[in-house]
Number of protein chains: 2
Amino acid sequence: MIESVKKACYIISCFSSEEPVLGNAEIAGKLGMSPSTTHHLISTLCNEGVLMRDKDRRYRLGWKLLEWNNNVMFQQDIYDKAIPLVKDLISRFIGTAHIGMFDKGEVVFVLKISSQEASPIHTYIGSRKPAYATSTGKVLLAYNNDYLKETIERGLSQQAPNTITNIEKLKEDLKKVRDVGYSISNNENSTGTYAIAAPILSYSGKTIAAVNLAGPVSYMQGSNQHMIRQSVIKTADSISKELGYIEV
Amino acid sequence: MIESVKKACYIISCFSSEEPVLGNAEIAGKLGMSPSTTHHLISTLCNEGVLMRDKDRRYRLGWKLLEWNNNVMFQQDIYDKAIPLVKDLISRFIGTAHIGMFDKGEVVFVLKISSQEASPIHTYIGSRKPAYATSTGKVLLAYNNDYLKETIERGLSQQAPNTITNIEKLKEDLKKVRDVGYSISNNENSTGTYAIAAPILSYSGKTIAAVNLAGPVSYMQGSNQHMIRQSVIKTADSISKELGYIEV
DNA sequence: AAATAAGTTTCATATTATGAAATTTATAAC
DNA sequence: GTTATAAATTTCATAATATGAAACTTATTT
């Protein structure tokens, strides 16, 4: 492992929505590194456009990241194909739809689209949640034993009132997911939020992602509960078909 | 400058929409580096989630970039505030709207939204164009002498039939932009494309970005030419107000 | 089954990053 | 306007680390 590259990554990760602008000393302090080392790294990153130097000699994330990000999107053909289908889903209900993929024991949201009237929800494109505590994550765990193994190794911890923290209970829940073909998260990840997710299959039949619809418990369990469930499943199936999966 | 960090950046930049998946040897070849060196760097980047290792031992861009990108967005409050206003703009015409900002002699597109029926255009979020050859770029040059100086130093080259390649002619054009408050690019950047841009001002009155509408020459110069111009200017003004700029 | 090509690992060496200290720059206090 | 303070930046000798040739492993093709 190349240390300076690792350190450069840590520096980039220091920036967040809460702290979009940082000085050299702040960064050095956060990472426990010498200010001169961070300065060398920061200068390099500025030169590459990964960071930008402000007039008052502080730093922010640079445009290079926009460029790179764009190519992340491009390469995931799931992305282009899914957007119109997910838009169609949220046009028919009130809530927020996500597409999640598994990475290192967590679910990463690669897409998030909300309907106009949706109540805000604490996720964003690129953000992560423990897989076992989300509807999308549980779908991915239900159909990928490797993912489940990795998740168990990392341990389960309470995220919200109903988070499943027991391995046996989780396995039971995942069996249920496989039986019905969708997963539900009811107050498992964020208090007051209910979500329902269904699997997206690649041409080879592997569950590579999951799409969900999330909203307030009251709305999601309301009168059109059944319709929401059918729509989420239909959306997932349509995306799978777009990706070349042929139902058997 | 820290060499390994620079090299890591080059590796990330190897990936594109045309080549989303690359092997170690390919990357080493592209960059003229030894495969073992690139492998060390690639492994590190994989560990950090910047790259991902495919099943067939090839590599693609990783989720970390999504995470980082998100924070680039967050920090530019211009982004959140502008989106609804730009959406409103494209809803009334057929074309593609951009917001561009200046960086190192070029305009970087930080936002791109197209109306449903818009003809495709060769830009994407994060992509760059020479400032002097675009409507957004010329707005930024017209109101920022530093930008102009930097641009002139880098030289002007023909991009499309009408690109301004003469410094004096460029200065005249920029004067006109200041006089009328908007800029036009007619076949200056891409053949067949006509765009009109107006300045976005920060609370302090500095021109920090430009918004444009681009489309086929025939449409943009058609009957609602005047209305388009007024709408672009109005959109720019509204965004400026959102950013705290108070007209004098 | 052999051949080929690419990915990966190892390790001695040369290169390069490191951090203490000095210097410069900007900001705050007087 | 001067001094004080804090942070950013630069320098440079030294310690740490990246480098690439070569060996090895894995996968694919003939």
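The coordinates are above.
Residues numbered from 1 in each chain as written. Chains lettered and ligands numbered in written order. Predicted model: local features only at pLDDT ≥ 70, side-chain atom pairs only at ≥ 80, totals over all residues. Heavy atoms only, no water.

Asks: With reference to specific residues and values, describe the sheet that holds strand β7 (residues 193–201) of chain B.
Replies: Residues and elements named next belong to chain B. Overall, antiparallel pairing links the 6 strands, which are arranged β5-β4-β3-β8-β7-β6 in an open sheet. The sheet is open, and its two edges are formed by β5 (128–130) and β6 (183–186), each paired on a single side. Neighbour to neighbour, the strand axes of the sheet diverge by 30 degrees on average, direction disregarded. Direction of pairing for strand β4 (residues 106–114) relative to β5: antiparallel, over a ladder of 3 bridges. Within β5, the residue paired with Glu 106 across the bridge is Pro 130. (Pairing = 2+ DSSP bridges. Helix = DSSP H or I, 4+ residues; strand = E, 2+ residues; numbered from the N terminus. Axes fitted to C-alpha atoms, helices over the stretch in contact; angles between N-to-C directions.)

Asks: Report on the protein's contact with DNA strand C, specifying residues and quantitative values.
Replies: DNA strand C sits among 19 residues. The nearest are Ser 36 and Thr 37 of chain A together with Glu 3, Ala 25 and Tyr 59 of chain B. Counting only atoms of DNA strand C within 4 Å of the protein, the sugar-phosphate share comes to 73%. For DNA strand C, a phosphate oxygen lies 2.4 Å from a polar atom in the side chain of Thr 37 of chain A. Arg 57 of chain B places a side-chain nitrogen or oxygen 3.1 Å from a sugar or linking oxygen of DNA strand C. Of all the secondary structure elements, the ones that give two or more residues to the surface near DNA strand C are α3 (35–47) of chain A together with α1 (3–14), α2 (24–31) and α3 (35–47) of chain B. Looking at the surface near DNA strand C residue by residue, the classes come out as 4 nonpolar, 10 polar and 5 charged. (Near = heavy atom within 4 Å. Polar contact = N/O pair within 3.5 Å; in protein donor to acceptor, adjacent residues only side chain to side chain. Nonpolar A, V, L, I, M, F, W, Y, C, P; charged D, E, K, R; others polar.)

Asks: Please give an account of the protein's contact with DNA strand D that cites residues and values.
Replies: Near DNA strand D you find 19 residues, and of these Glu 3, Ala 25 and Tyr 59 of chain A together with Ser 36 and Thr 37 of chain B are the closest. Considering the 4 Å shell around the protein, atoms of DNA strand D inside it are sugar or phosphate in 75% of instances. At a separation of 2.9 Å, a phosphate oxygen of DNA strand D approaches a polar backbone atom of Asn 24 of chain A. Take Lys 7 of chain B: an N or O atom from its side chain is 2.6 Å from a phosphate oxygen of DNA strand D. Elements that contribute at least two residues to the surface near DNA strand D include exactly α1 (3–14), α2 (24–31) and α3 of chain A together with α3 of chain B. Of the residues contributing to the surface near DNA strand D, the split by class is 4 nonpolar, 10 polar and 5 charged.

Asks: Kindly report on the relation of the copies chain B and chain A, identifying the contributing residues and their values.
Replies: When chain B is fitted to chain A, the residual RMSD is 0.2 Å, and the transformation amounts to a turn of 179 degrees plus an axial shift of 0.2 Å. Both copies are brought into coincidence by an operation consistent with a two-fold rotation axis. Residues of chain B ranked by C-alpha distance from the rotation axis are headed by Val 5 of chain B, positioned 2.7 Å from it. Comparing interface residues between copies, 96% of those in chain B also sit at the interface in chain A, which points to an isologous, same-surface contact. (Least-squares fit on C-alpha atoms with pLDDT ≥ 70 in both. Contact = heavy atoms within 4.5 Å.)

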